[in-house]
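Breakdown of the fold
Chain by chain, the residues run as shown.
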Amino acid sequence: MDHFLYHNGLLHAEGVAIADIAATVGTPFYCYSAATLTRHYHLFTEALTPMPHLVCFAIKSLSNVAVLKLLGDLGAGMDVVSGGEYRRARAAGVPGERIVFSGVGKTREEMRLALTGGIRQFNVESEPEMRALSEVAVSLGVVAPITIRVNPDVDAKTHEKIATGKSENKFGIPIARASEVYAEAAALPGLRVIGIDVHIGSQLTELEPFEQAYLKVADLTRRLRSEGHSIERLDLGGGLGIPYARSNEAPPLPTDYGALIKRTVGDLGCEIEIEPGRLISGNAGILVSSVIYVKNGEGRDFLIVDAAMNDLVRPSMYGAHHDIVPVVEPAVAQDLQPYDVVGPVCETGDTFAKQRALAPLAEGDLIAFRSAGAYGSVMASEYNTRPLIPEVLVKGDHFAVIRARPTFDEILSRDTIPAWL
Ligand code: LLP
């Protein structure tokens, strides 16, 4: 459930009419609902109670500092994958002890940043990384808490570009080699091994791959303990999918996921961490756009809108479906019409939907792409020198611009022409 509903025939975010935001901010823009973010975060904390746990929001899905502040103030931890994301979490007031650092390519500089600023743990992904972290920690005279990410070789049954738990993927160490790698970690100075990390992919719509992975982690916990390691914490990653189309089968709920965690690893006495991104932020955001032209093509009508692939890349990158709804509620009996919904970018791939049945639309009409909160604004670019679009946060009857649209002067001022040219 989210908080983007029609009231009196107009799409609202909580208590604010989308058309009112559009009139103030201009289109296109992202709009997030604080109530939805809050509700989704609580679904996870409730699902994991009474196990000791920390829900670490995967910042990569939506990284605006205002959103991080909202979640951080609720008690959320943060999963970061770069020095930039670490800085965002800290700028949002999240203490280091609630920040976990994931990612296959952490640089020594990023390690130093987190070790001096405070960190809950590094989720180490390889032996070279482990050795580098040991050196950096020793040089700073501190001890780095670590888990090691294991690759359980499980098929997450999701889009191949976002599956991470198969042996051919670049992530983690093969679970079969865990004993050897943990032994080396335990012997390295400057590291303290505290747990195990696993993440098998994103937009999982079935629980079974999680179950397979977590059972392997439970076995590994017992084995590593018998080998003398102190396994106190299990980071079980993110990845729970969301419904993108209303007609889709409903993916499992956080309560089912929580029950699965209890069933598979609940008896080990470990503190549980999870790193959900999409389920918290995905349906908490929409992308609002307006129709520039309706163009009659050869056997089809194009709806040319002012948002494009540079603003929301998921349809062109993954063939992802996003529901599109008009901001003015259509009459119930209105006939639908098929449109190809496209942006202004000069690529055929700049297509949001083909032959999508929508109530008839005209120039200037506002539409919203639903489920755009996760991996929307964070993946945007300025391709075709289209400015990054603003982000707006709604809470009750209030809205605020939480990232302004840059001016063209700002964009052009980033380029410099060398004196010798
Ligand atoms: N933890 C780790 C280590 C991850 O790599 C990811 C996502 C997450 C947590 C959060 O997963 P989530 O709960 O959001 O599924 N751009 C793609 C998704 C990429 C996901 C990458 N890793 C998309 O638009 O579908």
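Nothing here was measured: the structure is a model prediction, and the numbers come from that model.

**Section: the sheet that holds strand β3 (residues 16-17)**
Spatial strand order, β1-β2-β3: 3 strands in an open sheet with antiparallel pairing. Looking along the sheet, the strands with just one partner apiece sit at the ends: β1 (4-7) and β3. Direction of pairing for strand β2 (residues 10-13) relative to β3: antiparallel, over a ladder of 2 bridges. Within the sheet, the bridge partner assigned to His12 lies in β3 and is Ala17.

**Topic: the site of the ligand**
In the vicinity of the ligand, 21 residues are found, and the nearest of them are Ser202, Gly238, Gly277, Arg278 and Tyr375. When the residues that make up the shell around the ligand are grouped by side-chain class, the tally is 7 nonpolar, 9 polar and 5 charged. Each of domain 1 (4-31 + 282-413) and domain 2 (34-280) contributes no fewer than three residues to the shell around the ligand.

**Brief notes about the packing of helix α2 (residues 34-48) against helix α3 (residues 65-73)**
Where α2 contacts α3, the axes come no closer than 10 Å and their chain directions differ by 45°. Regarding the angle of α2 to α3, the classification is oblique. In this structure, the crossing between α2 and α3 has a hand that is right-handed. Here Ala34, Leu37 and Tyr41 of α2 come into contact with α3, specifically with Val67, Leu70 and Leu71. In terms of residue class, the contact of α2 with α3 is made up of 6 nonpolar, no polar and no charged.

**As for the domain arrangement of the chain**
In terms of domains, the chain is made up of domain 1 (4-31 + 282-413) and domain 2 (34-280). Taking the mean C-alpha position of each, domain 1 and domain 2 sit 32 Å from one another. With 22 residues of domain 1 at the interface, the matching set in domain 2 holds 22 residues. Taken together, the elements giving at least two residues each to the side of domain 1 that touches domain 2 come down to β20 (391-395) and β21 (398-403). Among the elements that line the side of domain 1 that touches domain 2, the one with the most residues is β20, at 4 residues. Taken together, the residues of the side of domain 1 that touches domain 2 break down into 9 nonpolar, 8 polar and 5 charged.

**What to know about the UniProt feature "binding site: substrate" (unreviewed entry) in the chain**
With numbering matched to this structure, UniProt assigns "binding site: substrate" (unreviewed entry) to Arg278, Arg314, Tyr318, Glu347 and Tyr375. The greatest C-alpha distance among the residues just named is 27.4 Å, and with 98 residues of sequence between them they are spread in space as well. The topology assignment puts Arg278 in helix α10 (residues 278-281). Excluding anything up to four places from it in sequence, Arg278 contacts Ser61, Ser202, Gln203, Ile242 and Ala374. Structurally, Tyr318 is set in helix α11 (residues 314-318). Take Tyr318: there are 15 C-beta atoms within 10 Å of it, and that puts it in the partly exposed class.

**Let's talk about unusual backbone geometry**
Of note, the bond from Thr27 into Pro28 is cis; its omega dihedral lies within 30 degrees of zero at -5°. Topologically, Pro28 is positioned in the loop between α1 (18-25) and β4 (29-33). Residue Thr49 is joined to Pro50 through a cis peptide bond whose omega torsion reads 10°. Residue placement: Pro50 occurs in the loop between α2 and β5 (53-58). One non-glycine residue with positive phi stands out, namely Ser371, at about 55°. When you line up the elements, Ser371 lands in the loop between β19 (366-369) and β20. Phi at Tyr375 is positive, roughly 55°, even though this residue is not glycine. Note on placement: Tyr375 falls in the loop between β19 and β20. The class of Tyr375 is buried, set by 26 C-beta atoms lying within 10 Å.

**Here's the deal with the nonpolar core**
Ranked by internal contacts, the top residues of the largest apolar core, which has 120 residues, are Ile18, Cys31, Met78, Leu133 and Ala368. It is α2 that contributes the most residues to this core, 7 residues altogether. Residues lining this core come from more than one domain, with at least three contributed by each of domain 1 (4-31 + 282-413) and domain 2 (34-280). Not counting residues up to four positions away in its chain, the partners in contact with Ile18 are Leu11, His12, Ala13, Cys31, Val288, Val327, Leu366 and Ala368.

**As for helix α6 (residues 127-140)**
Counted at 1.5 Å a residue, the expected span for α6 with its 14 residues is 20 Å, and the 20 Å between its end C-alpha atoms agrees. For α6, every residue scored as buried is listed here: Glu129, Met130, Leu133, Ser134, Val136 and Ala137. Where α6 is buried, its residues meet α5 (108-117), β8 (121-124), β9 (144-151), α7 (178-187) and β11 (191-197). Directly beyond the C-terminal end of α6, a positive phi value near 70° is found at Gly141.

Cut-offs applied
- Residues numbered from 1 in each chain as written.
- Predicted model: local features only at pLDDT ≥ 70, side-chain atom pairs only at ≥ 80, totals over all residues.
- Pairing = 2+ DSSP bridges.
- Helix = DSSP H or I, 4+ residues; strand = E, 2+ residues; numbered from the N terminus.
- Near = placed C-beta within 6 Å.
- Nonpolar A, V, L, I, M, F, W, Y, C, P; charged D, E, K, R; others polar.
- Domains from an automatic or database assignment.
- Axes fitted to C-alpha atoms, helices over the stretch in contact; angles between N-to-C directions.
- Parallel < 35°, antiparallel > 145°, perpendicular 65-115°, else oblique.
- Left-handed = near helix turned anticlockwise from the far one by under 90°.
- Contact = placed C-beta atoms within 7 Å.
- UniProt positions renumbered as here; feature names shortened; annotations may be inferred.
- Buried ≥ 20, exposed ≤ 12 C-beta atoms within 10 Å, placed from the backbone.
- Core = buried A, V, L, I, M, F, W, Y, C linked by C-beta atoms within 7 Å.
- Expected span 1.5 Å × (residues − 1).

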